Structure formats: C-alpha cells, structure tokens
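Remarks on the overall topology
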Amino acid sequence: MSNERLRSALLARGMTVQGLAEAIEVNPKTVERWITQGKVPYRRHQYATAAVLKVDVTSLWDDDRTIDGASDLSKAEIGTVYPHRHTVPSGLWREIYGRAQKTLDVLVYSGLFLSEDPLFHDLLKAKVAAGVRVRILLGDPESTAVQQRGIDEGHRIMDGKIRNAMVLYRPLMRSHPDIGFRLHDSTLYNSIYRSDDEMLVNPHVYGIGAYLAPVLHLRRLADGGLFDTYANSIEHTWESARQITDADFASSTTGA
C-alpha cells in the first residue's frame with residue numbers, strides 16, 4: 001500500500017523525492033519505496049523527514065514504533081518532578097541559570113522569590129555582560145488575567161506582588177538596560193524558568209499558590225517535543241508583551 005500522506009506532504013512543500021533524499025542523506029530509491037510501497041523508515045529517518053517537511057511525524061506514519069518513540073523521548077526530557085515548588089532545592093534556580101550561555105528566560109506573573117534574591121540580580125548582570133539574552137516577563141498588574149489569578153489563589157493580591165517585584169527590579173532595569181523586562185496580559189498555565197536547553201516548569205493549579213504546585217525539571221532532547229512546547233510558550237508571550245514604562249512604576253508606588 002502506498003503512502004499518499006507522504007506523497008502529499010512532499011507536493012505541499014514543493015519538494016521532489018530526490019530533494020528529500022538529499023536533505024536526509026538517504027538513497028532516492030529508498031524514499032521512493034516509502035511512498036510507492038508504504039515501507040516504514042527507520043525511526044531516525046522518520047523524524048528527519050518530518051522535520052524537513054515541517055509536519056508532525058505521526059501525520060506521515062502510523063507505525064507504533066514512531067508513536068512510542070515520540071512518547072519515550074518526551075518522557076526522557078523530564079529529569080525530576082518535585083511535588084511542590086517549595087521542595088525544589090533552594091540553590092537549583094541559580095544553579096540552572098548559572099549554566100546559561102545563550103538564553104535566560106523567566107515567564108511568571110510575579111516570581112517574587114527571584115526578585116527578592118540579590119544573588120539572582122548579580123547573576124543577571126553577569127549573564128547579560130557575557131552576551132546571554134536575558135528576558136524577564138512579569139504579569140501586567142492591571143490585566144484581567146492577573147486579577148483572576150489572584151482570585152483563583154484565594155488572596156486577590158497578585159497585582160500587589162507584581163508591583164513589588166517591579167520595584168525590586170527597577171534598579172536593575174536602570175543600570176542594565178540590555179536585560180529585557182516586559183509586562184504580559186496572558187493567562188498563564190505555567191510559570192517557566194528557562195536556561196538554554198534546561199528549564200523548570202511550575203504548573204498553575206486552581207485554588208493554590210504556585211509554591212504549592214508541582215515543578216518539572218526538563219532537559220531538551222532532539223525530537224523530544226515536550227521542552228519545545230514550553231519554550232514556544234515563552235516566545236509567543238514575549239512577542240505580545242509590552243515594555244515597562246514610568247507610568248507602570250507610578251502605579252506601583254501608589255499601589256504599594
């Protein structure tokens with residue numbers, strides 16, 4: 001039985017059998033057999049083909065090995081699961097960020113525990129000086145999403161926690177403008193702390209504060225998918241976020 005999905009994917013990308021074969025470094029006759037005879041490639045060739053054609057690998061093959069392999073890779077990206085954020089070793093946050101060589105991201109509503117840590121401030125200064133891209137995303141204290149999160153946690157002070165974090169970060173914003181600070185109005189389902197190909201993910205659970213929710217320690221693997229899902233969330237939020245203005249600090253002062 002032929003693989004018409006693979007044939008259609010090739011046509012959609014305007015790619016020939018020869019072009020795909022060259023891109024993934026296999027014999028063109030091998031690719032032809034995948035299409036005309038429905039032969040199932042080795043797993044590494046499945047992922048390589050899907051990457052070149054920019055589609056999900058399971059949309060090309062229903063082979064159980066593919067599905068199990070993708071699942072296994074995603075599971076393998078999970079290094080440790082902590083039952084609550086407060087059970088994460090206190091130095092792990094700085095340890096992970098200390099390893100950053102290219103990217104250091106913080107996507108939170110307030111992340112107040114980091115803004116209160118002077119050693120974390122020093123780390124940010126050192127990283128941006130070394131050429132690391134540093135981005136801190138805080139929730140917009142005036143946004144509906146922030147107000148609702150405060151209600152969900154049962155305290156209604158999320159906006160105040162964010163304003164406190166902004167005030168604590170303000171000297172850093174002034175002295176190191178290369179550090180990116182933005183406010184977002186997104187509904188966050190997770191707080192995400194990324195350092196290159198490593199991250200801590202703190203899911204938000206209705207009715208409790210983030211410090212009581214679990215934390216996943218992830219390490220990116222090629223074709224794993226789980227890490228990239230969260231990393232893409234950071235990118236989307238950053239793109240729609242806005243710069244922090246003096247007016248925001250005026251609100252912080254009056255709201256303190």
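Note: the structure precedes this text.
Notes on the structure in this doc start here. Just so you know, these numbers come straight off a predicted model, no measurement behind them.

**Regarding helix H1 (residues 4–13)**
- Residues of H1 that are buried include every one of Leu6, Ala9 and Leu10, and no others. Buried residues of H1 fall within an arc of 100° about the axis and therefore sit on the same side. Residues of H1 that are exposed and angled more than 90 degrees away from the buried face: Leu11 and Ala12.
- Where H1 begins, the side chain of Asn3 points an oxygen toward the backbone nitrogen of Arg5, at a separation of 3.2 Å.

**Remarks on the packing of H1 against helix H4 (residues 43–53)**
- Running from amino to carboxyl end, H1 crosses H4 at an angle of 35°, the nearest separation of the two axes being 10 Å. On H4, the residues that touch Leu6, Ala9, Leu10 and Arg13 of H1 are Thr49, Val52 and Leu53.
- When its residues are assigned to classes, the contact of H1 with H4 shows 5 nonpolar, 1 polar and 1 charged.

**Looking at the sheet that holds strand S1 (residues 78–82)**
- Reading across from one edge, S1-S7-S6-S5-S2-S3-S4-S8 is the order of the 8 strands in this open sheet, with mixed pairing throughout. Looking at strand neighbours, the two that pair on one side only are S1 and strand S8 (242–243), the edges of this open sheet.
- Helix H11 (residues 226–240) rests against S1, strand S2 (103–107), strand S3 (133–139), strand S4 (180–184), strand S5 (190–195), strand S6 (198–203), strand S7 (215–219) and S8 of the sheet, and its axis sits at about 75° to S3.

**Side note on the packing of aromatic side chains**
- Scanning all chains against the criterion turns up 6 aromatic pairs.
- Both rings, one in Trp93 and one in Tyr193, keep their centres 4.9 Å apart while their planes meet at 75°; by these two values the pair is edge-to-face. Placement of the pair is Trp93 in helix H6 (residues 92–98) and Tyr193 in strand S5, with a sequence separation of 100 residues. The same class applies to Trp93 and to Tyr193, which are both buried.
- Residues Tyr169 and Phe181 carry aromatic rings whose centres are separated by 5.1 Å and whose planes lie at 50° to one another, so their mutual orientation is tilted. One end of the pair, Tyr169, is in helix H10 (residues 158–175); the other, Phe181, is in strand S4, with 12 residues separating them in the sequence. Accessibility assignment for this pair places Tyr169 and Phe181 in one class, buried.
- One Lys or Arg, Arg170, reaches over the ring of Phe249 and ends 4.2 Å from the middle of that ring.

Criteria and thresholds
- Residues numbered from 1 in each chain as written.
- Predicted model: local features only at pLDDT ≥ 70, side-chain atom pairs only at ≥ 80, totals over all residues.
- Heavy atoms only, no water.
- Buried < 20%, exposed > 50% of the residue type's maximum accessible area, 1.4 Å probe, protein only.
- Helix = DSSP H or I, 4+ residues; strand = E, 2+ residues; numbered from the N terminus.
- Arc of directions from axis to C-beta.
- Polar contact = N/O pair within 3.5 Å; in protein donor to acceptor, adjacent residues only side chain to side chain.
- Axes fitted to C-alpha atoms, helices over the stretch in contact; angles between N-to-C directions.
- Contact = heavy atoms within 4.5 Å.
- Nonpolar A, V, L, I, M, F, W, Y, C, P; charged D, E, K, R; others polar.
- Pairing = 2+ DSSP bridges.
- Phe/Tyr/Trp six-rings, centres within 6.5 Å; stacked < 30°, edge-to-face > 60°.
- Lys NZ or Arg CZ within 6 Å of the ring centre and 35° of its normal.

Bear in mind that shape data such as this cannot, by itself, settle questions of function.
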